[in-house]
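Close look at the chain arrangement
This is what each chain is made of:
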Amino acid sequence: MRRYCLRDSARSAVFLFESAADIGYNVHMGKKNRKKATSEKRTGTLDKNRAGFGFVRQEEGEDIFVARSNMNGAMNGDLVQVDLLPEYLWEKNKEGIIDKILERSSEEVVGTFQRNKKFGFVIPEDRKNPDEVFVRRSDFKNARSGDKVVVKITKYPEKNVSAEGRITEVISRKGEPGGEIKALIRAGGLKETFPSRVNAEAKARAKAPVSREALLQRRDLRGDKIFTIDGPSAKDLDDGVSLKKLKNGNFQLGVHIADVSHYVPAGSRLDEEALKRGNSVYLLSRVVPMLPKILSNGVCSLNPGEDRLTLTCSMEIDSGGNVVSHEIFESIIRSRHRLVYDDVSDILENQDQNLIAVYEDIYEDLTLMAQLSEILRKRRKEKGSLDFDFDEADIVLDENEIPVEIGIEERRVANRMIEEFMLIANQTVAEHFFWMEYPFIYRVHEKPDTDRIVELKAFLSGFGINLSGNPDNIHPKLLNGILEDLKGKSYENIVSSVMLRSMKKAFYSTQCEGHFGLAFKYYCHFTSPIRRYPDLFIHRIIKSAINGTADEKSLKRLKKQAEIAAETASVTERKAQEMERDVEKMKKAQYMEERVGQIYDGVISGVTGFGIYVQLPDTVEGMVRLDSLKDDYYVYEEGKYRVVGRQTRKIYALGDRVRVVVLRASAAERQIDFAMVRDDAKD
């Protein structure tokens, strides 16, 4: 009978959640020796930690903890069968022993090569993955120490023996500009380039003339004052706007979206590749696009002065922000201007006379748009829509992709204006197709779990904030009221971040289940088909409805395709978000590597049993480890989100202002260490 070691010192480690400010927990390993597993077996995906332990994530049911010594050769991401240990042996989570590896997650690993004379190791780029791969000298290829490489696994690990492999590709040389991001892209299974057949198809579709018949069935809006407003570096311009004031005092808002579906037919190679990617991924200076540039930056982009095929959602909106009527139709437009957010904001906020002169032909339209967007925003807030308006980093890179400046990304009047127009268009389209009972893809955000609201309630009470209402059925309007009351306070960002983490993640679904955060009953993504697959799929549904081409058989097929698209896009979106966060953490740490020894003012953004997280005004976050506080022994009070000195009774609590010095920073580890520079604790 096989016997296993249940616990060992490897389990004495910290498991961190989604972001640096999340509260972790220490798992202490006892000295119980060999114990039998039960006969109960479970199946799931192994999620390992750098310390070697991991959790088996089941489709249904709790996660199962697996100690490092009980991995039995399983690697991160493998589908495994796990023997569940008797309940009396569990310390916190269910615990088990991996019995069988059902499916390997990967045949290759992307990472950094560490070379010795006779052998080397590839250290995975994925920071959660502890599975280093041994490489013999004969399999080095031409890789040098510090290079980012791809290693093909030739022998999977066994108990206490590393995997073996041979290097098949050098992604970038040590120190090469952008090498870290290239490796992350490769490790994430993404590619910046497209297969040759996909490129060929894109080129052919882009160059094919639009037939006269196709143009005649579209509404010609080329004479209307339509323009785009985007960031200065944006090249994939997929939404244009127009606005008129009607004689009855109502507004006629036009949201005109690039008709990408005309160039990407269902079932084509282009379509298959777009579905596989799910979305474009934006990694600071690099973009991994969903579609080839000849489409995304070319014929699909609403470039000024060029005829473009679009789908238009035209809405009549009254003075209270209500959509009293709407129409969705195929159109052709010619954008008048390619505007940027800052210029439009300078016109509307500062009355910049030079810019007003440049855009004299649309100045009245812009002022009218500002008026309407404020009406829409007010109505949305009254309904309880949440607006997590916390600071986001604006990271500036030089030509070598080295971070040279980190600031706060501004959300000015123009940004908010376009946001409101896209929200109302997405809401209108979703409701339209809900009542048509067509197959569709909705954007769903479920209400938070009761236990998360209970935790949030306890957290807020530490700031003297009372969250009233039933935790089982909390209304977003209550949460929004708290956010409004926090404006301008030092802990505004902290509370907003914690509140956001108490929410569930939004996802795509064929069922219309509402959007809790926006307080919308109907919502979808219709406005960005160049960079999101669900939007592209919705455009096909719209055109099918407009042209009356859907019979019972095709509707059944669309329903099945919608289910696949919704599930795929939800997965790819999560992967993209994780990668974007990882790149941001890496660049922030790289920025601080050059600032070791410098002193900053900050705010305590997280408190754990092992350290205090401090966020600087530019959103950079680092940790002050408790063992670095030499004036006392500090005890963590979990429910109060603070640490207290045992002798002095000094307190460091969430939201406190402190001054820190940078001790250490590591881009590779995504880690920044601070130390307190003076007595900032409260007595």
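Please read these numbers as outputs of a predicted model, since none were measured by experiment.

1. Examining unusual backbone geometry
The phi dihedral of Lys141 is positive, around 60°, even though this residue is not glycine. Locating Lys141 in the fold gives a position in the loop between strand 12 (133–136) and strand 13 (148–155). Phi at Glu401 is positive, roughly 65°, even though this residue is not glycine.

2. Section: the packing of helix 1 (residues 179–187) against helix 14 (residues 552–593)
The geometry of helix 1 relative to helix 14 is characterised by a closest axis approach of 11 Å and an angle of 160° between their N-to-C directions. Between helix 1 and helix 14, the angle is such that the two are roughly antiparallel. As for the relative orientation of helix 1 and helix 14, their crossing is right-handed in sense. In contact with Glu180, Ile181, Leu184 and Ile185 of helix 1, helix 14 contributes Met579, Asp582, Val583, Met586, Lys587 and Gln590. Tallied by class, the residues present in the contact of helix 1 with helix 14 amount to six nonpolar, one polar and three charged.

3. Brief notes about the sheet that holds strand 6 (residues 54–57)
Pairing within the closed barrel is mixed, and its five strands lie in the order 5-6-7-9-8. Averaged over all neighbouring strand pairs, the angle between strand axes comes to 55°, with direction disregarded. In the sheet, strand 5 (residues 41–48) pairs with strand 6 via four bridges, with the strands oriented antiparallel. Its bridge partner lying in strand 6, Asp47 is registered against Phe55.

4. Description of the packing of aromatic side chains
The final tally for this structure, using the stated rule, is 16 aromatic pairs. A ring pair is formed by Phe121 and Phe134, whose centres lie 5.5 Å apart and whose planes are at 75°; its orientation type is edge-to-face. Of this pair, Phe121 sits in strand 11 (residues 119–124) while Phe134 sits in strand 12, and the two are 13 residues apart along the sequence. Ring centres of Phe434 and Trp435 lie 5.1 Å apart, and the angle between their planes is 80°; this geometry places the pair in the edge-to-face category. For Trp435, a relative accessible area of 58% corresponds to the exposed category. Members of the aromatic cluster, connected to one another through ring pairs, are Phe433, Tyr438, Phe440 and Tyr442. If you follow Arg277 out to its NZ or CZ, it ends over the ring of Phe194, 3.7 Å from the centre.

Cut-offs and rules
Residues numbered from 1 in each chain as written. Predicted model: local features only at pLDDT ≥ 70, side-chain atom pairs only at ≥ 80, totals over all residues. Heavy atoms only, no water. Helix = DSSP H or I, 4+ residues; strand = E, 2+ residues; numbered from the N terminus. Axes fitted to C-alpha atoms, helices over the stretch in contact; angles between N-to-C directions. Parallel < 35°, antiparallel > 145°, perpendicular 65-115°, else oblique. Left-handed = near helix turned anticlockwise from the far one by under 90°. Contact = heavy atoms within 4.5 Å. Nonpolar A, V, L, I, M, F, W, Y, C, P; charged D, E, K, R; others polar. Pairing = 2+ DSSP bridges. Phe/Tyr/Trp six-rings, centres within 6.5 Å; stacked < 30°, edge-to-face > 60°. Buried < 20%, exposed > 50% of the residue type's maximum accessible area, 1.4 Å probe, protein only. Lys NZ or Arg CZ within 6 Å of the ring centre and 35° of its normal.

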